[in-house]
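What follows is each chain in one-letter form.
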Amino acid sequence: MGTVYLVGAGPGAADLLTVRAARLLARAEVVFHDALVEADVLALAAGAEKIAVGKRCGAHSSSQRFINKRLVDAAARYETVVRLKGGDPMLFGRAQEEIDALVAAGIDVEIVPGVTAALAAAADLRVSLTRRGVARSVAFVTPRVGEGEAPHAWARAAASADTAVVYMGAGQAADVVAALVAHGKPLATPVTVIENAGRAQSRHAAGRLQDLPALAAERGRGPALIVVGEIAAATAATSLAPRQALRTGT
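Here is what the cut-offs are and how they apply
- Residues numbered from 1 in each chain as written.
- Predicted model: local features only at pLDDT ≥ 70, side-chain atom pairs only at ≥ 80, totals over all residues.
- Heavy atoms only, no water.
- Axes fitted to C-alpha atoms, helices over the stretch in contact; angles between N-to-C directions.
- Helix = DSSP H or I, 4+ residues; strand = E, 2+ residues; numbered from the N terminus.
- Parallel < 35°, antiparallel > 145°, perpendicular 65-115°, else oblique.
- Left-handed = near helix turned anticlockwise from the far one by under 90°.
- Contact = heavy atoms within 4.5 Å.
- Nonpolar A, V, L, I, M, F, W, Y, C, P; charged D, E, K, R; others polar.
- Core = buried A, V, L, I, M, F, W, Y, C linked by side-chain atoms within 4.5 Å.
- Buried < 20%, exposed > 50% of the residue type's maximum accessible area, 1.4 Å probe, protein only.
- Arc of directions from axis to C-beta.
- Pairing = 2+ DSSP bridges.
- Phe/Tyr/Trp six-rings, centres within 6.5 Å; stacked < 30°, edge-to-face > 60°.
- Salt bridge = Lys/Arg side-chain N within 4 Å of Asp/Glu carboxyl O.

Caption draft 1: Region of the structure containing the packing of helix α3 (residues 64-75) against helix α4 (residues 95-104). In contact at an axis separation of 9 Å, α3 and α4 are set at 45 degrees when each is read in the N-to-C sense. Between α3 and α4, the crossing angle belongs to the class labelled oblique. By crossing handedness, the relation of α3 to α4 is classed as right-handed. Across the interface between the two elements, Q64, I67, N68, L71 and V72 of α3 pack against E97, E98, A101 and L102 of α4. By residue class, the composition of the contact of α3 with α4 is five nonpolar, two polar and two charged.

Caption draft 2: How the structure looks around the nonpolar core. In this structure, W154, L180, L212 and V228 are the most contacted members of the largest nonpolar core, which totals 24 residues. Of all elements in the fold, only β6 (138-141), α6 (154-160), β7 (163-167), α7 (173-182), β8 (190-195), α8 (212-217) and β10 (224-229) reach the threshold of two or more residues within this core. In terms of residue count, the dominant contributor to this core is α7 (five residues). Each residue touching L212, except ones within four places of it in the same chain, is listed here: A173, V176, V177, V191, V193 and I226. The next biggest cluster of nonpolar side chains, apart from the first, holds 17 residues, and it includes V7, A21, A28 and L84.

Caption draft 3: The arrangement of α4 in detail. Of all the positions in α4, only A95, E98, I99 and L102 are classed as buried. Summarising the axial view, the buried residues of α4 lie within an arc of 100 degrees, below the 170-degree limit, and thus occupy one face. Buried residues belonging to α4 abut β1 (3-8), α3, β4 (80-85) and β5 (108-112). Two residues or fewer past α4, G106 is found with a positive phi of approximately 75 degrees.

Caption draft 4: View of helix α1 (residues 19-27). Turning to α1, its buried residues number three or more, namely A21, L24 and L25. Taken down its axis, α1 places every buried residue within 100 degrees of arc, on the same side. Away from the buried face of α1 by more than 90 degrees, exposed residues V19, R23 and A26 are located. On its buried face, α1 is in contact with β1, β2 (30-33), α2 (39-42), β4 and β5.

Caption draft 5: Broad picture of the sheet that holds β10. The sheet built from five strands is open, its strands ordered β6-β7-β10-β8-β9 with mixed pairing. Looking at the sheet topology across the chains shown, the edges are occupied by β6 and β9 (203-208). Taken pair by pair, the neighbouring strands of this sheet meet at an average axis angle of 15 degrees, ignoring direction. Both β8 and β10 contribute to a ladder of five bridges, which runs antiparallel. Paired with E195 across the bridge in β10 is A224. Across the sheet, helix α5 (residues 117-125) touches β6, β7, β8, β9 and β10, and the angle it forms with β8 is around 105 degrees.

Caption draft 6: Looking closely at the packing of aromatic side chains. Counted by the stated rule, this structure contains two aromatic pairs. Between F92 and Y167, the ring centres sit 5.1 Å apart and the planes meet at 55 degrees, which makes this aromatic pair tilted. Taken as a pair, F92 in the loop between β4 and α4 and Y167 in strand β7 lie far apart in primary sequence, 75 residues in all. By relative accessible area, F92 is classed as partly exposed at 35%.

Caption draft 7: Here's a closer look at the pattern of salt bridges. Scanning all chains against the criterion turns up seven salt bridges. Between K69 and D73 there is a salt bridge whose closest N-O contact spans 2.7 Å. Linking K69 with D73, this pair stays in helix α3, spanning four residues, or about one helical turn. The residue E195 makes a salt bridge to R203 at a minimum N-O spacing of 3.0 Å. The exposure class of E195 is buried, given its relative accessible area of 3%. Judged by its relative accessible area of 39%, R203 is partly exposed. Each of D34, R83, K85 and E98 takes part in one network of salt bridges that share partners.

The following block contains the structure:
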């Protein structure tokens, strides 16, 4: 049996991968990748078969059980199997289901961390999620509930933290506002919606919690995060650096 590596692809740019991730991609025989993984990242796995198994909201996608089975089957055929996940595998990446399935089948599994989107967003905005004197706590939350899952009190954690980063919530912005207000967040709380964090086409819009549905409606089709808290007040006047120049070193 081979080894399955759950590898973080980071927020998009190939040069934000860890060195270990790049080395594993270079020697991978098969790569099962998420929908949002960029082509220049997949290009690092030049000798591998590449199989898309990503999940996108509102689009046809592979079931988690099917993905688990494909990983188990691949480990019986290949020595190096890479499961390439956007961001970090261990944060809202359904990693535990895959780990459990592989361990149950007696397959070695290793995790390679990646840069999660919240940290890429902070870098793009040039605003610290734990800005001294303003924020001493951070919550990464999502209102998204999988099929068959019970509702979760995510808003309680988000409302109690100095800074909250909401994953997969822009599509239900009005519900996010209602939940946060119900747990004590004032409508005047600063928020920023950032789309395509860590990518060349990164863009953001800032306002107040009461403005969130309108801000979210302005986004395109890229993945978006919502940053909630006083640190977001600094993002309105923040200009984004030309990311292409940063990537090429020019």
